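Fold and geometry: a report
The residues making up each chain are set out below.
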Amino acid sequence: MSDQIKFIVDNLNKEPFRKNYNLITFDSLEPMQLLQVLNDVLAEIDPKQVVDIREEMPEQTAKRMLSLLGILKYKPPGNATDMSTFRQGLVIGSKPVIYPVLHWLLQRTSELKKRAYLARFLIKLEVPSEFLQDETVADTNKQYEELMEAFKTLHKECEQLKTSGFSTAEIRRDISAMEEEKDQLIKRVERLKKRVETVQNHQRMLKIARQLRVEKEREEFLVQQKQEQKNQLFHAVQRLQRIQNQLKSMRHAAADAKPESLMKRLEEEIKFNSYMVTEKFPKELESKKKELHFLQKVVSEPAMGHSDLLELESKINEINTEINQLIEKKMMRNEPIEGKLSLYRQQASIISRKKEAKAEELQEAKEKLANLEREVSVKTNQTREFDGTEVLKGDDFKRYVSKLRSKSTVFKKKHQIIAGFKAEFGLLQRTEELLKQRHENIQHQLQTIEDKKGISGYSYTQEELERVSALKTEVDEMKGRTLDDMSEMVKKLNSLVSEKKSALAPVIKELRQLRQKCQEVRGLREECLQEESRYHYTNCMIKNLEIQLRRATDEMKAYVSSDQQEKRKAIRKIFWGSLGGAAVWRLPLAQGVILETRDRIPRRAPGAWSLLLPLPMSLPLSLSLSLSLCVTIINK
């Protein structure tokens, strides 16, 4: 017992309880506090049990805990006769009852959490057989059972996935492979972009491709919108057909309605209502008043302790024994008239009880029907607001149910096939595990043999070489695919270039003719520019020679003039006076012909002086003769 209490205290001091108990404080807890500790542990297993037991009746607390312990499959110690003792100890917070429960709960908390979670979905709701006669209820119950089975299979698959786990190395390998593929795709896109940039009008072509993509997306959107409009039209037609069927059924019911049937229905309703008003409701009111009076009496009395409860139980037992003795005495008398009357009374009471039960059932059915009608109206309005469709009724609903049944049969068949596949998968998985184990054993044996032979690591090296060769083949295949893609792209580009060439051939032909004309025009323009520059050069030279001729004429006039002042102004006199020697005059008269004259040079002059007058090649003959004459006169 001490080990049990120690285990309980240790677990209550841990997460998520954190009670900070020791053996003394835990053992000194009052029954109400001990029940609260048990309720906290149950609330950790099932969150629905979070309740303050001070605000709850003891009967409700015991009933709630017993139901949860039954779901968790707790078996109290002892035989079946000790169940009443267990219930009583659970109500009063008895330590010998609660300690084993706490020990059992804290030993398997995670397992019980899972069991409590599954109990919310796997505890089957029992439906009375008389209600299953209705097709709607039967179909709903069948659907409920199918959903329960589907939940079981999905939960099993989820647990298998949790326990199986995934290899992080494989995930990392896949991620690295995807990243490499991404880098390759990025490089390929960049290469294609560079190739496209070399094509003429690539921006225009990209713009056209973008517009094409946008138009395709718009086309898909329009197709989807068209399909939605078709669905809306189909639903509208179905709704119209249902409304027409409802109108026909209402007209048919109104045509078949007779006054006798209506009166009979009204009489039944009046009888039922009169029974409820005259018999059932007064009895219920009287029982409620008695119950209220009894509860007020209980409230007015002081609080009862454990000893008071034991005293009341003893009184109840005494009264029960007295009742049993009176019944035995009455049976010993065995009066026939009284027996017949008692038989009739029993039958009358049984009939009255049946009548009351049926009335209650009828009232409950009416209330349920009213609630269901309200829910149906609400759901119908919601459905109408959502997609404009009506809830199926009558024949449409029967056809829908038959269709669902056919689909459910197909689903069951598929489910069986899937179950077969899963079984086969489990068998294959087990086979794989056995083969892996065998492979590991063989590898271990091979390693020992390699160690003995002195060639340890040979198999590993061979596997690595095979892996590297496999990777090389994959890379080669990838390169081959890349080269194939590139060759295909080159073919496309060549075809595109050929198309462009064929389209540009007439333009190129015209361009050649225009180039020839342009070359002729350019030659004529250069010739024109040369002639124009020659003209300007000749004009400038002529003006220069005219100036020189005018200067020579002035020099001749000054030299032959009789006025001494004019003679002194002559260039000959100025040069002769300054140089005091001979001068050499060289005048070109024609191409390659130079007229040269010499005079004496004075002794004080250090050398000779030459005066050169360049003349153009096309100098007129008269100008040349006049210049030669001037030079002759000057020499004389």
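Residues numbered from 1 in each chain as written. Predicted model: local features only at pLDDT ≥ 70, side-chain atom pairs only at ≥ 80, totals over all residues. Heavy atoms only, no water.

Formally: UniProt positions are given in the numbering used here, feature names are shortened, and annotations may be inferred rather than shown by experiment.
The name an unreviewed UniProt entry gives the chain is Intraflagellar transport protein 81 homolog, with Canis lupus familiaris as the organism. As its UniProt record puts it under Subcellular location (unreviewed entry), the chain is described as follows: "Cytoplasm, Cytoskeleton, Cilium basal body". One UniProt comment on the chain, placed under Sequence similarities (unreviewed entry), says "Belongs to the IFT81 family."

Observations regarding the environment of Pro16
Our working rule: Numbered from the N terminus, helices here are DSSP runs of H or I no shorter than four residues, and strands are runs of E no shorter than two. Burial here depends on accessible area, computed with a 1.4 Å probe over protein chains only, as a share of the maximum for the residue type. Under 20% is buried, over 50% is exposed, and the range in between is partly exposed.
Take Pro16: it is sitting in the loop between α1 (2-13) and α2 (23-27). With a relative accessible area of 41%, Pro16 lands in the partly exposed category.

With respect to the packing of aromatic side chains
As a reminder, the rule being used: Between the rings of Phe, Tyr and Trp (Trp by its six-membered ring), a pair exists once the centres lie within 6.5 Å; its type follows the angle of the planes, with under 30 degrees stacked, over 60 edge-to-face, and the other angles tilted.
Within the structure shown, the criterion is met by 6 aromatic pairs. Ring centres of Tyr117 and Phe121 lie 5.3 Å apart, and the angle between their planes is 70°; this geometry places the pair in the edge-to-face category. With Tyr117 and Phe121 both in helix α7 (residues 109-122) and 4 residues apart, the pair spans about one turn of that helix. For Phe121, a relative accessible area of 34% corresponds to the partly exposed category. Pairing Phe121 with Phe151 gives two aromatic rings, centres 4.8 Å apart and planes at 40°, and the pair type is tilted. Of the two residues, Phe121 sits in helix α7 while Phe151 sits in helix α8 (residues 135-164), which places them 30 residues apart along the sequence. Members of the aromatic cluster, connected to one another through ring pairs, are Tyr21, Phe26 and Tyr99.

Overview of helix α6 (residues 95-107)
Along an α-helix, a turn takes 3.6 residues, which lines up residues three or four apart on a common side. Applicable threshold: Expected span of a helix: the number of residues minus one, times 1.5 Å. Whether two residues are in contact is decided by their heavy atoms: any pair within 4.5 Å suffices.
With 13 residues, α6 extends 18 Å between its outermost C-alpha atoms, agreeing within 8% with the 18 Å of an ideal straight helix rising 1.5 Å per residue. Extensive coverage of α6 is indicated by the burial of 10 of its 13 residues. If you check which residues of α6 are buried, you get Val97, Ile98, Tyr99, Pro100, Val101, Leu102, His103, Trp104, Leu105 and Leu106. Close packing links the buried residues of α6 with α1, α2, α3 (31-45), α4 (58-71), α5 (83-92) and α7.

A look at the side chain of Arg64
Defined as follows: The definition of a polar contact used here is a pair of N or O atoms within 3.5 Å, where within protein one atom must be able to donate a hydrogen and the other to accept one, and adjacent residues in sequence count solely through side-chain atom pairs.
Turning to its location among the elements, Arg64 is positioned in helix α4. Looking at Arg64, its side chain comes within polar contact range of the side chain of Gln49, at 2.7 Å. Beyond its immediate sequence surroundings of up to four residues, Arg64 is in contact with Asn39, Gln49, Val51, Ile53 and Glu56.

With respect to the packing of α1 against α6
Quick note on the threshold: To get an axis, fit a line to the C-alpha atoms, keeping to the stretch in contact for a helix; angles then go from 0 to 180 degrees between the N-to-C directions. Comment on the angle field: the value is read as roughly parallel under 35 degrees, roughly antiparallel over 145, roughly perpendicular from 65 to 115, and oblique elsewhere. Crossing handedness is read from the near helix: turned anticlockwise from the far helix by less than a right angle, it gives a left-handed crossing, and turned clockwise, a right-handed one.
Two elements in contact, α1 and α6, have axes separated by 10 Å at closest approach and are oriented at 55°. In terms of their interaxial angle, α1 and α6 are classed as oblique. In terms of crossing hand, the pair formed by α1 and α6 is left-handed. Contacts between α1 and α6 involve Gln4, Ile5, Phe7, Ile8, Asn11 and Leu12 from the first element and Tyr99, Pro100, Leu102, His103, Leu106 and Gln107 from the second.

Some words on α1
Helix length check: α1 (12 residues) gives 16 Å between terminal C-alpha atoms against 16 Å at 1.5 Å per residue, within 8%. Regarding α1, the residues found buried are Gln4, Ile5, Ile8, Val9, Asn11 and Leu12. Buried residues along α1 sit against α2, α3 and α6.

Overview of the nonpolar core
Put simply, the test is: As used here, the term nonpolar core means buried Ala, Val, Leu, Ile, Met, Phe, Trp, Tyr and Cys residues forming a set that is joined through side-chain atoms within 4.5 Å.
Leu12, Phe26, Leu38, Leu72, Leu102 and Leu105 are the most contacted members of the largest nonpolar core, which has 32 residues in total. Elements represented by at least two residues in this core include exactly α1, α3, α4, α5, α6 and α7. For this core, the leading source of residues is α6, giving 8 residues. Apart from residues no more than four positions distant in its own chain, Leu72 is found in contact with Ile45, Trp104, Leu105, Leu112, Arg115 and Ala116.

Side note on the pattern of salt bridges
Side chains that differ in sign of charge can pair as their charged atoms come close. Our working rule: The term salt bridge refers to a pairing of a side-chain nitrogen on Lys or Arg with a carboxyl oxygen on Asp or Glu at a separation within 4 Å.
Per the counting criterion, the structure on display carries 16 salt bridges. Across the salt bridge formed by Glu44 and Lys113, the nearest N and O atoms sit 2.9 Å from each other. In this pair, Glu44 is assigned in helix α3 and Lys113 in helix α7, connecting sequence segments 69 residues apart. Overall, Glu44 belongs to the partly exposed group, its relative accessible area being 27%. Given a relative accessible area of 33%, Lys113 falls into the partly exposed group. Notably, a salt bridge pairs Glu149 with Lys152, separated by 3.7 Å at the nearest N-O pair. Remark: Lys152 and Glu149 occur in helix α8; sequence separation between them is 3 residues, near one turn of the helix. Overall, the relative accessible area of 45% leaves Glu149 in the partly exposed class.

A closer look at a nonpolar patch on the surface
Inclusion rule: Two distance rules govern patches: like charges are joined within 9 Å, and nonpolar side chains (Val, Leu, Ile, Met, Phe, Trp, Tyr) within 5 Å, applied only to residues with over 30% relative accessible area and no salt bridge. Only the protein chains shown count as cover for residues, with accessible areas throughout obtained via the Shrake-Rupley method and a probe of 1.4 Å.
On the surface, Met263, Leu266 and Ile270 cluster together into a nonpolar patch covering about 310 Å² of accessible area. Its location among the elements puts Met263 in helix α11 (residues 259-300).

Considering the side chain of Asp46
Within the element layout of this structure, Asp46 appears in the loop between α3 and α4. Excluding residues that lie within four positions of it along the chain, Asp46 makes contacts with Leu68 and Ala116.

As for the packing of α3 against α6
Just so we agree on the cut-off: Each residue gets one of three labels, nonpolar for Ala, Val, Leu, Ile, Met, Phe, Trp, Tyr, Cys and Pro, charged for Asp, Glu, Lys and Arg, and polar for the others, Gly among them.
Put simply, α3 and α6 touch, their axes get as near as 11 Å, and they point 25° apart. Comparing the axis directions of α3 and α6 gives the class roughly parallel. The crossing of α3 and α6 is left-handed. Residues Leu34, Leu35, Val37, Leu38, Val41, Leu42 and Ile45 of α3 touch α6, and the partners they reach there are Lys95, Ile98, Tyr99, Val101, Leu102, Leu105 and Leu106. Considered class by class, the residues forming the contact of α3 with α6 number 13 nonpolar, no polar and 1 charged.

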